[in-house]
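# Secondary and tertiary structure notes
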Amino acid sequence: SAPRARLKARLKRTLPVRGPQAPTVGELMRWYCLTTNTHGCRRIVVSRGRLRRLLWILLTLAAVGLILWYCAQLVLHYYVASVAVTVRFHKLPFPAVTLCNINPYKYSAIKGHLEELDKQTMTALESLYDFSGSPTLRARREAGPEPPKKNKFLQRFPLMKIESLRQRTAIDLGTGHRRRIAGTVVSPEGSTMVKNPKDVVGFQLCDSSNNHSCVLYTFSSGVNAIQEWYKLHYMNIMAQIKSEEKQQMSYSAEELILSCSFDGVSCDAGNFTSFHHPLHGNCYTFNSGNNSKILNTSTGGSEYGLQVILYIEEADYNPFLVTSTGAKIVVHDQDEYPFIEDIGTEIETATATSIGMHFVSGGGTLSLGWRPGGGLASGLLGNISCPTEAREA
């Protein structure tokens, strides 16, 4: 112990002394309590009387205990915190889907009614463009029956090549005869300016009770003039055919719909409701709600929507009536009429088309995928395909 005491005394002489030179732990604690900023510890030392000192000891220990308990709770909550995620699937009413072939009637079934109109159309094409038609068109004309009786409506409103708008003379493209024209000149092409008057083609419509009340429709494009003139006479001819016969000349559900599946379950033509459209022939609506039963869906995505493969019979299209091949589709509510011509989406052949929808829960309306939807959203429709090859028997 003597060497130890000598070493301690030597260090005390050589090192600077800071803080209390307390020989015992008790005195060191007393010095700390007197100099610290902690209010409770100081009051424990300077308080007179055992009761006061005891109260300050209890208060200080309680405060330290609360601090330790709160810190422990923070650590425990950090490590045991959990996140609960609840996923719910709501069933949504599936909309009605209407499908129509762009070509309203099979050309092989209706060409007997259009024989004279098609003949004059080919004559107009040959006169304007020196066009004799494709081998398919020539074969159709040669294989067709003898022309029926002359159509009075067709003779009264022929397609004409305007010679002079000032002198009011034109050439009938069907007969080649020159004839007088009258009436107000209307150009459906709007602001199209015709530089050469010899290029003007059109037709004249007159009141049946007053031949002097006429309107002359002019076109700077012979193709546009032929298309509009053909549609005019086509609608007049079709209006004279009975609806039962027109339904038979159009496409049946079995011919148009090759395969169908909804929500992963197969469906067929029996799941479609048919109606006749004046411009698109027989159209078919899936989930129309006519039987008071509307299908629901709870899962989005094309795999669980409606998947349909259509066969449009491109080889039997009317070459003068339609300029494209495919089908038209309209997605609508069960209580809405499908306006095919106005809001129909055209689907091309040899492609798979996917259509997504949003259901707006607040307004109860349907909107196409390019419009932002609110509320509960779900992909409702799947793929709709139109192959081009013929179906095997």
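Relevant structure appears above.
Residues numbered from 1 in each chain as written. Predicted model: local features only at pLDDT ≥ 70, side-chain atom pairs only at ≥ 80, totals over all residues. Heavy atoms only, no water.

From N to C terminus, the protein chain includes twelve helices and 20 strands. Classification of the 393 residues of the protein chain by burial places 33% in the buried group. Within the protein chain, counting contacts between residues at least 6 apart in sequence, those at least 24 apart form 65% of the total. Accessible area of the protein chain: about 24900 Å², with a carbon and sulfur share of 54%. (Helix = DSSP H or I, 4+ residues; strand = E, 2+ residues; numbered from the N terminus. Buried < 20%, exposed > 50% of the residue type's maximum accessible area, 1.4 Å probe, protein only. Contact = heavy atoms within 4.5 Å. Areas by Shrake-Rupley, 256 points an atom, 1.4 Å probe, with all protein chains shown as cover.)

The pairing of strand β11 (residues 272-277) with strand β12 (residues 281-286) spans six bridges and is antiparallel. Bridge pairing in β12 links Ser 274 to Tyr 284. Connecting β11 to the next strand, β12, in antiparallel fashion are three residues. (Pairing = 2+ DSSP bridges.)

Turning our eyes to something else, we now look at the sheet that holds β11. Pairing is antiparallel in the open sheet, where five strands are placed in the order β11-β12-β2-β15-β16. The sheet terminates laterally at β11 and β16 (345-348), the two strands that pair on one side only. Across the sheet, the mean angle separating the axes of adjacent strands is 30° when strand polarity is ignored. Relative to β12, strand β2 (residues 96-101) runs antiparallel, the two being bridged by four bridges. Across the sheet, residue Leu 99 finds its bridge partner in β12, namely Tyr 284. (Axes fitted to C-alpha atoms, helices over the stretch in contact; angles between N-to-C directions.)

Phi is positive for Asp 263, close to 60°, though the residue is something other than glycine. Locating Asp 263 in the fold gives a position in the loop between β9 (257-262) and β10 (265-267). Accessibility expressed as a relative area gives 29% for Asp 263, which makes it partly exposed. A positive phi angle, near 55°, is found at Glu 313, a position not held by glycine.

A few words on the packing of helix α6 (residues 115-129) against helix α9 (residues 222-239). As a packed pair, α6 and α9 sit with axes 11 Å apart at the nearest point and diverge in direction by 170°. With respect to their mutual orientation, α6 and α9 come out roughly antiparallel. In this structure, α6 uses Leu 117, Asp 118, Gln 120, Thr 121, Ala 124, Leu 125, Leu 128 and Tyr 129 to contact α9, whose residues at the interface are Gly 222, Val 223, Ile 226, Trp 229, Tyr 230, His 233, Tyr 234 and Ile 237. Looking at the contact of α6 with α9 residue by residue, the classes come out as eleven nonpolar, four polar and one charged. (Parallel < 35°, antiparallel > 145°, perpendicular 65-115°, else oblique. Nonpolar A, V, L, I, M, F, W, Y, C, P; charged D, E, K, R; others polar.)

Counting residues in hydrophobic clusters, the biggest one holds 52 residues, and the most contacted among them are Leu 117, Leu 159, Tyr 234, Phe 272, Phe 286, Leu 306 and Val 308. In terms of nonpolar packing, the next biggest core, distinct from the first, is built from six residues, Ile 162, Ile 181, Val 200 and Leu 216 among them. (Core = buried A, V, L, I, M, F, W, Y, C linked by side-chain atoms within 4.5 Å.)

Turning our eyes to something else, we now look at the pattern of salt bridges. A complete count under the given rule lists two salt bridges for this structure. Residues Lys 106 and Glu 255 are paired through a salt bridge, measuring 2.8 Å at the closest nitrogen-oxygen approach. Highlighted residues: Lys 106 in the loop between β2 and α5 (107-110) and Glu 255 in helix α11 (residues 253-256), separated in sequence by 149 residues. The partner of Arg 179 in a salt bridge is Asp 172, with the nearest N and O atoms 3.9 Å apart. (Salt bridge = Lys/Arg side-chain N within 4 Å of Asp/Glu carboxyl O.)

Two cysteines, two sulfur atoms, one covalent bond between them: this is a disulfide. Across all of its chains, the model carries three disulfides by this definition. The disulfide pattern of the protein chain is 1-6, 2-3, 4-5 when the bonded cysteines are numbered in sequence order. (Disulfide = S-S within 2.5 Å.)

On the surface, Leu 51, Leu 54, Leu 55 and Leu 58 cluster together to form a nonpolar patch covering roughly 410 Å² of accessible area. Of note, Leu 51 is situated in helix α4 (residues 50-80). Taking the relative accessible area as the measure of exposure, Leu 51 reaches 62% and is therefore exposed. (Patch = residues over 30% accessible without salt bridge, like charges linked within 9 Å, V, L, I, M, F, W, Y side chains within 5 Å.)

The next subject is the packing of helix α3 (residues 39-46) against α4. Taken N-terminus to C-terminus, the directions of α3 and α4 make an angle of 160°; their axes are 8 Å apart at the nearest point. Overall, the two elements α3 and α4 adopt an arrangement that is roughly antiparallel. For α3 against α4, the interelement crossing comes out left-handed. Across the interface between the two elements, His 39, Gly 40, Cys 41, Arg 43, Ile 44 and Val 45 of α3 pack against Arg 53, Trp 56, Ile 57 and Thr 60 of α4. Along the lines of polarity and charge, the residues of the contact of α3 with α4 split into five nonpolar, three polar and two charged. (Left-handed = near helix turned anticlockwise from the far one by under 90°.)

What follows concerns α3. For α3, the complete set of buried residues consists of Gly 40, Cys 41, Ile 44 and Val 45. Angularly, the buried residues of α3 cover 135° about the axis, an arc narrow enough to put them on a single face. (Arc of directions from axis to C-beta.)

To continue, consider the environment of Gln 155. By the element assignment, Gln 155 lies in helix α8 (residues 152-156). Linking Gln 155 and Asp 172, residues 17 residues apart in sequence, is a C-alpha distance of 9.9 Å.

So far we have only geometry, and geometry alone does not tell us how the molecule works.
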